[in-house]
Structures are given as C-alpha cells and as structure tokens.
Amino acid sequence: MEQDVESSISIRQPKLLKQAREDLTKQKCAKRKIQRYVRKDGKCNVHHGNVRERYRYLTDIFTTLVDLKWRFNLLIFVMVYTVTWLFFGFIWWLIAYIRGDLEHLQDKTWSPCVDNLNGFVSAFLFSIETETTIGYGHRVITDKCPEGIILLLVQSVLGSIVNAFMVGCMFVKISQPKKRAETLVFSTNAVISIRDGKLCLMFRVGDLRNSHIVEASIRAKLIKSKQTKEGEFIPLNQTDINVGYDTGDDRLFLVSPLIISHEINQHSPFWEISKAQLPKEDLEIVVILEGMVEATGKVLYTFIDFLLHLHLW
C-alpha cells in the first residue's frame, strides 16, 4: 500500500473539472450497477421481505405507529377518534331507541336518558361532547337512566386512554430528531492521503446550527462481502474502521467542522488493498454520528455513505 501511495505522489495526473469528475463517477456507478447499503441521504436501503410473523408488530403497537409515515399516522389518528365517536354515538342512540325516548320527543312528562336527543346525529354530537369534555349545553344526561350513567363512565375512561395513547404517539413522532440531522453535513468524498507521515482515510463533518450536539461520537463501518477460509460466503460483512476509539478522537466537540481520520496500518481493513485494486472493490463505508440534541435531549443518529467516492491524494 505504501508503494502505491508513493507512485501516486510522483506521477501527476491532469486535473479534471468538477462536472467532468462527477460525470465520470456516475458512469462508473451506472456501469457497475452497485446497490447502496445506505443511500447518500443517510437512509438505509434495506427492505424487509417475506416476514411471516407480522403479529410481532402488533405486540408493540406504539412503536409501530411511531415508525409509520406521517400520512398513515395522521390517517390512523383521525380514524381512531372518528370510530370511537361513531361507536359510542350508536350506543347512545340504541339506548334511546330501546327506552322509547325517540317516540316521546314531544311528551313533556317523559324522562329521557338524554335530554334533546332526537336521532343518530344528535347522539353522535353527544358522544363527541362526552369524550372530548367540551361541556353539556342543549343535550345533557339525566339521573333516570342507570345504563346511561354506566356508559358515560366507560366512555370517559376509554376516551382518556385513547387521548393518552394517540397524543403520546403524535408527541413522540413530532419530537423525533430526524430533521435535526439535516443540518449535519459530511464531505461529499472521502480521501486517502499522507498525514503526518502516515497513510490515512479522511472525511469531514460539520454542524450548521448554533445549538450543539451533546456527547457526539462517531463510528465507521466497512460494508464488504467476505469469504472465510472455510469457504463460507458472508454477504455485506461489517468491519469496524478505527476512527480514534483508542485515543478518544471519536468523541467530538462539534463546534466547527472536523476532519475524521483513520490510519491505514496493519490493523486496518484497507491494508491489503492496493491503489490499482481499490476502484475495482465492491466496498462501502458507512459513517454513524451519534449524539444528543441540546434543545430536546433526544438521542440523534445520522448516517452517511461513501461509495466509489474514495480519492487518492
């Protein structure tokens, strides 16, 4: 590897324009048709298929709802409240129908279960007033209806449970720090160059916001298929890339842009890869930045991927 670096330093190659370099990279990627493990925007490009035990998602329904996309989450939010209002509205209408309240609407001597309940629409409105605690005005329950009092207690308790579950789900989803990662930027390319007399793989990371990422740490993984000595093929094998774990350099004070460096030595997974072999390798580098958002205290994870963007300086 050292011989390759020396040859790359001694031989000058003509400089290409930025657009030409990007076009060349796109052509290489299109020619080789390499699928990313992690997309350039930091989202994992892994889709779970043939999952037979889907009931496991329902056992943790809260996490399942939080992980859903916003359009499905909002749809479920609206549907849950609408269904409960319609269900209890139907029960209130059924009680009035069985008691005969709907047949004595004009009878002033009749004591209905709910005053001024004259149909399903008014029963639906009464159900909304009961569950949302808006307050009774024109329609109000009377003390001559024990079944109505029991239903009132059940709907009040169930409504509180629904509110706690759905509002908690929406709050957790809103407070997720995924958008905070949009202001964490990485360098477009990772480079291999000499630094302090050592061959290093380097890339840069920076934060655009004034609020800091507390307890920020960084890790790197090499994603590459591997074949063991016994002949076993391991697809997408993950190998740690040391970016300062021994020295503490992986703990970042991310106030200004920082250059993250990995020394290519005997313990590095790049040690046996030569300069000529590097462009032919199907490898991918995934960088994980972890920290705590100062404003909310939420743990933040962001990913970046370097694929066919390793340049020798």
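What counts as what
- Residues numbered from 1 in each chain as written.
- Predicted model: local features only at pLDDT ≥ 70, side-chain atom pairs only at ≥ 80, totals over all residues.
- Heavy atoms only, no water.
- Patch = residues over 30% accessible without salt bridge, like charges linked within 9 Å, V, L, I, M, F, W, Y side chains within 5 Å.
- Areas by Shrake-Rupley, 256 points an atom, 1.4 Å probe, with all protein chains shown as cover.
- Salt bridge = Lys/Arg side-chain N within 4 Å of Asp/Glu carboxyl O.
- Helix = DSSP H or I, 4+ residues; strand = E, 2+ residues; numbered from the N terminus.
- Buried < 20%, exposed > 50% of the residue type's maximum accessible area, 1.4 Å probe, protein only.
- Disulfide = S-S within 2.5 Å.
- Polar contact = N/O pair within 3.5 Å; in protein donor to acceptor, adjacent residues only side chain to side chain.
- Contact = heavy atoms within 4.5 Å.

### Structural notes on a nonpolar patch on the surface
Piece 1. On the surface, a cluster of nonpolar side chains totalling about 570 Å² of accessible area is made up of Leu-86, Phe-90, Leu-94, Tyr-97, Ile-98 and Phe-120.
Piece 2. With five residues, helix α5 (residues 70-99) is the single largest residue contributor to the nonpolar patch.
Piece 3. Position of Phe-120 among the secondary structure elements: in helix α6 (residues 120-132).
Piece 4. Exposure remark for Phe-120: the relative accessible area of 36% places this residue in the partly exposed category.

### With respect to the state of the cysteines
Piece 1. A complete count under the given rule lists one disulfide for this structure.
Piece 2. The disulfide bridge from Cys-113 ends at Cys-145, spanning 2.2 Å between sulfur atoms. Linking Cys-113 and Cys-145, the disulfide has an S-S dihedral of approximately -75° and is accordingly described as left-handed. Here Cys-113, found in the loop between α5 and β1 (114-115), pairs with Cys-145, found in the loop between β2 (140-141) and α7 (146-174); they are 32 residues apart in sequence, far enough to count as distant. Just as Cys-113 is buried, Cys-145 falls in that class too.

### What to know about the side chain of Thr-84
Piece 1. Along the chain, Thr-84 falls in helix α5.
Piece 2. Thr-84 sits in the buried class, given a relative accessible area of 13%.
Piece 3. Within polar-contact distance, the side chain of Thr-84 engages the side chain of Glu-131 at 3.3 Å.
Piece 4. In contact with Thr-84, other than residues within four places in its own chain, are Ser-127, Glu-131 and Val-162.

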